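# Inside the fold
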Amino acid sequence: MKKIGFIGIGLMGLPMAKNLLKAGYNLKAFNRSQNKAEPLKEFGAEITTSIEDVVSNSDVVITMLTDDTAINEVMDSSNFLKNLKSSATVIDMSSVKPTTATKHGNNFKSKNINYLDSPVSGGTIGAEEASLAIMVGGEQNVFNEAHDVLKAMGNPTLVGPVGSGQVSKLANQIIVGLTIGAVAEAITLCEKAGANPDKMIKALSGGWADSKILQTHGKRMIDKDFTPKGRTSVHLKDMNNILECANSHDTHLPISNLVKEMYKTLVENGHGETDHSSLYKEIERINKK
């Protein structure tokens, strides 16, 4: 079994690392706040105290960090680069800009290190159930070699060369963000017009408008439970990355731009740490004018 180094034990990283341990992999974990990694001990993980320790002798190094800044801080550091095995594969499962993935992919290639950009979708529930959608950019042979490791966390699909995984994640976030907005408007309309939103969701089950977002995020909106599963501030980052990528290809995405502005206002009004289904609250604010 491959030896795995896992960097980033947060809301997503913790259950993902657990599933790798349950699959029988030898795993070392590193997180800047070490207490967040401690729960992995009972599943057999070794908790390390430095980037150097988690990378050394690892066949596969997985990163699951917040954003481009965090990824650059790790992957550009000498402690990371100098301690990678020449045969190692770096798998970045964070959601970052396609240009960031391409930059690191080229850097690793020059050092004979394999690299896959492999962002995920499915939230904490998908991470816990090992059912994440995993969108992978990279070379076919590297993907084949890493397939079993990725499969322990979800359902990996190679979508193209390095950077393509991140483009696919941006496409995913377009659909998620816009659908959350649509569900928020549907729930609001039902509440304002006197229809039961719970029964509306039930009535739509199996129809063209049905979706996981309607069923899960719609319920959160009705219950006014915005405990973070996927944070609003992170979705705003994704919407900004979507528009930056689109602009670099001279592509206009007007609906994405509208939803980005709504998330921006939501964050500015102090809801950055709530669940991204709290876009409902922005619809609510607009209707209080």
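Before reading on, note that the structure itself is shown above.
Residues numbered from 1 in each chain as written. Predicted model: local features only at pLDDT ≥ 70, side-chain atom pairs only at ≥ 80, totals over all residues. Heavy atoms only, no water.

## Remarks on the side chain of Asn-241
With respect to the secondary-structure elements, Asn-241 resides in helix α11 (residues 232-248). On the basis of relative accessible area, Asn-241 is assigned to the buried category, the value being 7%. Apart from residues no more than four positions distant in its own chain, Asn-241 is found in contact with Asp-68, Val-96, Lys-97 and Leu-170. (Helix = DSSP H or I, 4+ residues; strand = E, 2+ residues; numbered from the N terminus. Buried < 20%, exposed > 50% of the residue type's maximum accessible area, 1.4 Å probe, protein only. Contact = heavy atoms within 4.5 Å.)

## Focus on the pairing of strand β9 (residues 154-160)
Bridging between strand β8 (residues 132-137) and β9 involves six bridges; their strand directions are parallel. Bridging from a neighbouring strand, Gly-137 pairs with Gly-160 of β9. Where the polypeptide runs from β8 across helix α7 (residues 140-151) and back to β9, its parallel neighbour, the crossover connection is right-handed. (Pairing = 2+ DSSP bridges. Right-handed = clockwise from strand over helix to strand, strands pointing away.)

## Examining the nonpolar core
Counting 33 residues, the largest nonpolar core has Phe-6, Met-16, Leu-20, Ile-62, Met-93, Leu-150 and Met-153 as the members making the most contacts within it. At the level of elements, β1 (3-7), α1 (13-22), β2 (26-30), β4 (60-63), β8 and α7 are the ones that each hand at least two residues to this core. The biggest single contributor to this core is α7, with five residues. Cys-190, Met-200, Phe-226 and Ile-283 belong to the second-largest nonpolar core, a separate cluster that totals 25 residues. (Core = buried A, V, L, I, M, F, W, Y, C linked by side-chain atoms within 4.5 Å.)

## Topic: the packing of helix α3 (residues 68-75) against helix α5 (residues 98-110)
In a pair of packed helices, the angle between the axes and the distance between the axes together describe the arrangement. Closest axis-to-axis distance for the α3/α5 pair is 11 Å, and the angle between their directions is 10°. Taken together, the axis directions place α3 and α5 in an arrangement best described as roughly parallel. Residues Asp-68, Ile-71, Asn-72 and Met-75 of α3 form the contact with α5, whose own contacting residues are Thr-100, Lys-103, His-104 and Phe-108. Residues that form the contact of α3 with α5 fall into these classes: three nonpolar, three polar and two charged. (Axes fitted to C-alpha atoms, helices over the stretch in contact; angles between N-to-C directions. Parallel < 35°, antiparallel > 145°, perpendicular 65-115°, else oblique. Nonpolar A, V, L, I, M, F, W, Y, C, P; charged D, E, K, R; others polar.)

## A few points about the environment of Ser-168
Checked against the element boundaries, Ser-168 lands in helix α8 (residues 164-193). By relative accessible area, which is 22% here, Ser-168 ends up partly exposed. Separated by 34 residues in sequence, Ser-168 and Ile-134 place their C-alpha atoms 9.6 Å apart. Ignoring anything within four residues of it in the chain, the contact list for Ser-168 reads Met-135 and Val-159.

## Considerations on the pattern of salt bridges
Pairs can form between side chains of opposite charge whenever their charged atoms are close. Applying the stated rule across the entire model yields 17 salt bridges. Its salt-bridge partner being Lys-109, residue Glu-139 comes within 3.8 Å of it at the nearest N-O pair. Of the two residues, Glu-139 sits in the loop between β8 and α7 while Lys-109 sits in helix α5, which places them 30 residues apart along the sequence. Judged by its relative accessible area of 57%, Lys-109 falls in the exposed class. Across the salt bridge formed by Arg-220 and Asp-275, the nearest N and O atoms sit 3.0 Å from each other. With Arg-220 in helix α10 (residues 212-223) and Asp-275 in the loop between α12 (254-271) and α13 (279-286), this residue pair connects regions lying 55 residues apart in the sequence. (Salt bridge = Lys/Arg side-chain N within 4 Å of Asp/Glu carboxyl O.)

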